[in-house]
Amino acid sequence: MNRLFKLLLPVLILAVGFGVFQYLKQTRPDRPVSEARERVWRVAIEPVEPRALAPMLELYGQVENPDLLRAAASTSARVARVLVREGARVEAGQLLLELDPRDLVPALARTGAQVAELEAQLESERNGQESDQAALAQEQRLLDLSADAVARAKSLTRRQVGSQNDLDLAEQDLARQRLAVSTRSMRIADYPARRRALEARLQQARAEYEEARLAFERSRVIAPYAGVVSAVEVAAGDQVKDDEVLLSLYPLAGLEVRSRIPAPYQAELAAALRASGSLPATAQVDGGRVGLVLERLAGEADPSGIDGLFVLTEGAEWLRIGQMLTLRLQRPVRESVVAVPFAAVYGGNRVYEFIDGRMRAVMVRTLGSWFAPDGEERLLVAAPELAAGDQLVVTHMPNAVDGLRVEAGQ
């Protein structure tokens, strides 16, 4: 009996447990059916405000000056004094550098002496010509007298009154006088050639003297205008050669900025320059504002673009030659464009409008950057489908799709 009870006890326990489980299962309360809810994303929105705005083009340029003066040595000499340093501002007429005059005075004196000597020779030739012309008249008279003496001697000889010796002497005197007249006449005839030769030598001597005088004057480098010394190449005591650069100087008023304009914008800016003559631009340097205008394009271009030449209108005191600048060039004004945050644009050609709690894709055309008065950079887009007052989603959504459920918020 005990043995049978031990065998049935586990079966009885399992049966009771199963019965309790079935009872609990049948009497449990019904679970409420959960409804699937669409997730709502919180986004920031802005009203659309079409306006007439000018897109900006950011460029990089270098300061240069076409009027840069490179003062060179007028001759070989030693540097006596250097009165300025690199970066110094100078006034018009200020002495900047001086070569040793002792290296230039001898050449000036030598060429001056050559001029004086040739002027004296030319004057002597003029006087000699006048004297020769006066002497020729007297020698011609003497020639006539010698001819008469020969005729008388011949007559006396024929009548056997005079001797042959007297005739020979008279003929010798006549021959000498003819030679003297011929020599004097040749000298008078040769005067124009001698004069031209002396005048040519005098002209050359005067040119050499003028060259020496200019070299002496240019031994003192004087600022031709108010400007900035960009470089000093020598020091006092240096021996310099002819045409060796001594220092460089440029006027502040002549500063320009050369910047590369990419090829895609070349035609647009060229047309704008033809229409308006110039385009404004700005730059920031050491906390100061620099104003510029794009005045002209370079004469040569290549496939990458063309150089634009900007003239300074304000802030030139902040700049130095060779300095690099970041420019913001104002392109032609576009009508009915919208300035949107960069985060609002997807793929460069799409934004999303907020309509009835959902996002709707709108195709746009990007035109370039634009800077708000507070300095914020935005993107200008042309969107014919957007009207004033439309709500634009400006929060960048990684999962943005047409019809995505959103709600306005911060």
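If you check an unreviewed UniProt entry, the protein appears there as Biotin/lipoyl-binding protein from Marichromatium bheemlicum. Turning to the protein, the UniProt record has this under Sequence similarities (unreviewed entry): "Belongs to the membrane fusion protein (MFP) (TC 8.A.1) family."

Quick look at the overall build of the protein now. Helix and strand content of the protein: four helices and 24 strands. Taken across its 410 residues, the protein has 34% of its residues classed as buried. Summarising the internal contacts of the protein: among those between residues at least 6 apart in sequence, 76% fall at separations of at least 24. When the accessible area of the protein is evaluated, it comes to approximately 25,100 Å², of which 53% is carbon and sulfur surface.

Let us now look at the pattern of salt bridges. Under the criterion given, the structure shown has 23 salt bridges. Arginine 260 serves as the salt-bridge partner of aspartate 302, at 2.3 Å between the closest nitrogen and oxygen. Placement of the pair is aspartate 302 in strand S15 (residues 288–302) and arginine 260 in strand S13 (residues 256–262), with a sequence separation of 42 residues. Of the charged contacts in the structure, one is a salt bridge between glutamate 268 and arginine 334, with a shortest N-O distance of 3.5 Å. Of this pair, glutamate 268 sits in helix H4 (residues 263–276) while arginine 334 sits in strand S18 (residues 334–340), placing them 66 residues apart in sequence. Assessed through its relative accessible area of 24%, arginine 334 is described here as partly exposed.

Another point: the nonpolar core. Core analysis: the largest hydrophobic core is formed by 27 residues, its most contacted members being Leu292, Phe310, Leu319, Leu327 and Leu329. Among the elements of the structure, strand S4 (56–64), S13, H4, strand S14 (279–285), S15, strand S16 (305–314) and strand S17 (324–330) are those that each provide at least two residues to this core. Residues within four places of leucine 292 in sequence aside, it is in contact with Val257, Leu279, Pro280, Ala281, Thr282, Ala283, Phe310, Val311, Leu312, Thr313 and Leu327. Formed by 20 residues, the second largest nonpolar core is a distinct cluster that contains Ala73, Val82, Leu99 and Val234.

The next subject is the packing of aromatic side chains. Per the stated rule, a full pass over the model turns up one aromatic pair. An angle of 85° between the planes, with centres 5.1 Å apart, marks the rings of tyrosine 346 and tyrosine 352 as edge-to-face. Taking NZ or CZ as reference, arginine 39 lies 3.9 Å from the ring centre of tryptophan 41, over its face. Taking the ring centre of phenylalanine 371 as reference, the NZ or CZ of arginine 328 above it sits at 3.5 Å.

With five of its six residues buried, strand S22 (residues 377–382) lies for the most part within the structure. Bridge count for S18 against S22 is three bridges, and the pairing is antiparallel. Residue pairing across strands places valine 338 opposite valine 381, the latter belonging to S22. As paired elements, strand S21 (residues 365–371) and S22 share six bridges and run antiparallel to each other. The partner of threonine 366 across the bridge, within S22, is valine 381. Linking two consecutive strands that pair antiparallel, namely S21 and S22, is a turn of five residues; a positive phi of about 95° is found at glycine 375 within it.

Bringing the sheet that holds strand S6 (residues 77–82) into the picture now. Here we have four strands laid out as an open sheet, ordered S9-S8-S6-S11, and antiparallel in their pairing. Either end of the sheet is taken by a strand with one partner, and the two such strands are strand S9 (220–222) and strand S11 (239–240). Summarising the sheet, S6 and strand S8 (residues 95–99) pair through three bridges and their orientation is antiparallel. Looking at the pairing, arginine 81 lines up with glutamate 98 of S8.

Within the fold, aspartate 307 resides in strand S16. Here arginine 258 takes part through its side chain, which lies 3.3 Å from a polar atom of the side chain of aspartate 307. Those residues in contact with aspartate 307 that sit more than four places away from it in its chain are Arg258, Ser259, Arg260, Leu297 and Ala298.

Turning our attention to the UniProt feature "coiled-coil region" (unreviewed entry) in the protein. When the UniProt feature table is mapped to this numbering, "coiled-coil region" (unreviewed entry) covers residues 188–215. Secondary structure across residues 188–215 divides into 100% helix and 0% strand, with the first and last C-alpha atoms of the span separated by 41 Å.

Another point: unusual backbone geometry. A positive phi angle is found at aspartate 243, which is not glycine, with a value near 70°. With respect to the element layout, aspartate 243 can be found in the loop between S11 and strand S12 (245–250). Positioned with a positive phi, aspartate 356 is a non-glycine residue whose angle comes to about 50°. Mapped onto the elements of the fold, aspartate 356 is located in the loop between strand S19 (350–355) and strand S20 (358–363).

Next up on the list: the environment of glycine 357. Checked against the element boundaries, glycine 357 lands in the loop between S19 and S20. Along the primary structure glycine 357 and valine 40 are separated by 317 residues, whereas in three dimensions their C-alpha atoms are 8.8 Å apart. Beyond its immediate chain neighbours, meaning those up to four positions away, glycine 357 contacts Leu404, Arg405 and Val406.

So, how was this worked out
Residues numbered from 1 in each chain as written. Predicted model: local features only at pLDDT ≥ 70, side-chain atom pairs only at ≥ 80, totals over all residues. Heavy atoms only, no water. UniProt positions renumbered as here; feature names shortened; annotations may be inferred. Helix = DSSP H or I, 4+ residues; strand = E, 2+ residues; numbered from the N terminus. Buried < 20%, exposed > 50% of the residue type's maximum accessible area, 1.4 Å probe, protein only. Contact = heavy atoms within 4.5 Å. Areas by Shrake-Rupley, 256 points an atom, 1.4 Å probe, with all protein chains shown as cover. Salt bridge = Lys/Arg side-chain N within 4 Å of Asp/Glu carboxyl O. Core = buried A, V, L, I, M, F, W, Y, C linked by side-chain atoms within 4.5 Å. Phe/Tyr/Trp six-rings, centres within 6.5 Å; stacked < 30°, edge-to-face > 60°. Lys NZ or Arg CZ within 6 Å of the ring centre and 35° of its normal. Pairing = 2+ DSSP bridges. Polar contact = N/O pair within 3.5 Å; in protein donor to acceptor, adjacent residues only side chain to side chain.

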